[in-house]
Amino acid sequence: MPVYTCTTTQSTLATDTKAALATEIARIHAEINHVPSTYVNVVFHELAPDSLYTDGRPASPVLVNGWVREGHSAADTTRLATEIATAVSRITGVPSSRVLVVMQSSPASGAVEGGRVLPEPGQEQAWMDASG
Amino acid sequence: MPVYTCTTTQSTLATDTKAALATEIARIHAEINHVPSTYVNVVFHELAPDSLYTDGRPASPVLVNGWVREGHSAADTTRLATEIATAVSRITGVPSSRVLVVMQSSPASGAVEGGRVLPEPGQEQAWMDASG
Amino acid sequence: MPVYTCTTTQSTLATDTKAALATEIARIHAEINHVPSTYVNVVFHELAPDSLYTDGRPASPVLVNGWVREGHSAADTTRLATEIATAVSRITGVPSSRVLVVMQSSPASGAVEGGRVLPEPGQEQAWMDASG
């Protein structure tokens with residue numbers, strides 16, 4: 001269901017680092033938003049050095065954009081962003097000053113996976129049971 | 001006006017497949033949201049196998065993110081997501097279990113094309129007439 | 001804090017052009033949204049010619065997606081989108097008919113930078129002072 005998109009420059013992240021970060025994001029998301037980690041997608045965009053700028057200068061931040069279904073509490077969303085930001089720094093070695101995590105959401109009713117409209121938050125179990 | 005961004009791994013989609021899918025997304029969007037297909041943008045990000053993960057493991061889903069102007073009905077947005085998800089599976093051959101379509105929206109007043117702020121839903125004709 | 005993502009085809013933008021556009025976007029954002037330009041991130045995705053379509057045909061628009069914290073006025077967001085669209089055409093030479101700027105936002109409470117939750121609009125100074 002969720003999609004986390006990490007954007008940085010080439011050579012910032014080794015393959016092992018990407019796999020480890022994807023695993024940790026899946027774990028954090030599963031714990032806070034009550035969705036099995038099997039549904040958590042993580043995408044990495046690794047760009048040329050002249051394709052990423054902060055303050056008009058080439059830079060190497062790690063920008064994480066997370067999409068989740070609308071309807072989770074603000075407190076849970078804050079916790080999600082905070083724990084993922086911490087994980088990014090710990091796993092990649094990039095200092096927190098260069099790590100930005102932004103959560104976005106939109107209604108589950110406008111999202112489809114496995115051919116079915118996603119469940120509202122709290123309705124996950126019935127949705128998964130019906131996927132038989 | 002709308003932008004559909006499809007993210008998957010390299011070699012999942014042939015060039016012909018991308019063109020066919022872009023055409024079908026434009027057709028579906030035009031029909032449901034009443035915007036000529038000439039305004040429909042479709043982007044493909046095709047990533048290395050070690051840049052896309054589901055559940056912490058390398059995977060090849062097709063993730064579609066659609067941006068539309070805020071103000072369409074929830075029913076239309078559900079129909080849009082559902083029809084596009086069906087089209088993705090039919091055209092790419094990727095099973096629906098690996099296809100996720102997410103629609104997002106924001107106010108037309110915060111979007112500019114052709115140098116002009118986009119019209120609110122329902123005001124498209126006047127906007128296009130004025131583009132002279 | 002903000003992230004502007006520019007998507008176009010390869011060879012549409014020279015490196016100098018990207019740097020100039022990133023600088024101008026940072027300047028415009030800083031002026032309108034009262035955040036120092038040091039916080040403005042600009043990302044460029046440059047795709048193969050068969051990865052970007054308008055109306056089902058290969059095309060070379062410049063698609064700009066801006067993320068900002070929720071809570072700025074609609075008028076400011078309109079101005080931001082309009083000034084950035086104008087800057088894109090002026091700096092890249094791409095005609096405005098092929099330039100689309102879309103602003104999106106989500107709550108500051110769901111975004112983390114430098115290990116801290118972002119400030120609500122209007123609270124930037126206190127947040128920056130506390131970053132010691």
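No experiment lies behind these values; they were computed from the predicted model shown. Every residue gets a number counted from 1 within its own chain, in the order that chain's sequence is written. Naming scheme: in the order in which they are written, chains are lettered from A and ligands are numbered from 1. In keeping with the predicted nature of the model, local features appear solely for residues at pLDDT of at least 70, side-chain atom pairs appear and are counted solely at 80 or more, and the whole-chain, interface and lining totals rest on all residues. In computing side-chain properties, one takes all heavy atoms of the structure into account and sets aside hydrogens as well as water.

Caption draft 1: How the structure looks around the relation of the copies chain C and chain B. Structural alignment of chain C on chain B gives an RMSD of 0.0 Å, achieved by rotating through 120° and translating 0.0 Å along the axis. As the rotation angle and translation indicate, the two copies are arranged about a three-fold axis. Copy-to-copy superposition: least squares on the C-alpha atoms, limited to residues that have pLDDT of at least 70 in both copies.

Caption draft 2: Quick peek at the packing of aromatic side chains. To pair, rings of Phe, Tyr and Trp, with the six-membered ring standing in for Trp, must have centres within 6.5 Å; the planes then decide the type, stacked if under 30 degrees apart, edge-to-face if over 60, and tilted in the middle. In total, this model carries 6 aromatic pairs over all chains according to the counting rule given. Seen in terms of ring centroids, Y53 of chain A and F44 of chain C are 5.8 Å apart; in terms of plane orientation they differ by 90°. Their pairing is edge-to-face. With one member in each of two chains, Y53 of chain A in strand 3 (residues 52-54) and F44 of chain C in strand 2 (residues 41-47) form a pair that bridges those chains. Since its relative accessible area comes to 1%, F44 of chain C is described here as buried. Over a ring means this: the NZ of a Lys or the CZ of an Arg is within 6 Å of the ring centre and within 35 degrees of the ring normal. The ring of W127 of chain A has R116 of chain A sitting right over it, with the charged end atom 4.2 Å from the ring centre. Strands here are runs of E lasting at least two residues and helices are runs of H or I lasting at least four, both read from the DSSP assignment and numbered beginning at the N terminus. Whether a residue is buried, partly exposed or exposed follows from its accessible area with a 1.4 Å probe, protein chains only, as a fraction of its type maximum: under 20%, in between, or over 50%, in that order.

Caption draft 3: Quick look at the interface of chain A and chain B. What makes two residues a contact is simply this: any of their non-hydrogen atoms within 4.5 Å. With 30 residues of chain A at the contact, the number on the chain B side is 26 residues. Between chain A and chain B, the buried area comes to about 2100 Å², and carbon and sulfur atoms account for 54% of it. The largest contributions to the chain A side of the interface with chain B come from N41, G110 and V112 of chain A, which together make up 23% of the buried area. What makes a salt bridge here is a side-chain nitrogen of Lys or Arg within 4 Å of a carboxyl oxygen of Asp or Glu, nothing more. Where chain A meets chain B, there are 1 salt bridge. Values labelled buried area give the accessible surface lost by two parts on being combined, using a 1.4 Å probe and summing over both.

Caption draft 4: Broad picture of the relation of the copies chain A and chain B. Between chain A and chain B, which share one sequence, the superposing operator has a rotation angle of 120° and an axial displacement of 0.0 Å; the RMSD is 0.0 Å. Here only 7% of the contact residues of chain A are again contact residues in chain B; the copies associate through non-equivalent surfaces.

Caption draft 5: Region of the structure containing helix 1 (residues 15-33) of chain B. Here helix 1 of chain B is 19 residues long and its end C-alpha atoms lie 27 Å apart, about the 27 Å a rise of 1.5 Å per residue gives. Among the residues of helix 1 of chain B, those classed as buried are T17, K18, L21, A22, E24, I25, A26, I28, H29, I32 and N33 of chain B. The secondary structure elements touched by the buried residues of helix 1 of chain B are strand 1 (3-9), strand 2 (41-47), strand 5 (62-69), helix 2 (74-92) and helix 3 (124-129) of chain B together with strand 3 (52-54) of chain C. Just downstream of helix 1 of chain B lies H34 of chain B, where phi reads positive at about 60°. An expected span of 1.5 Å times one less than the residue number is assigned to each helix.

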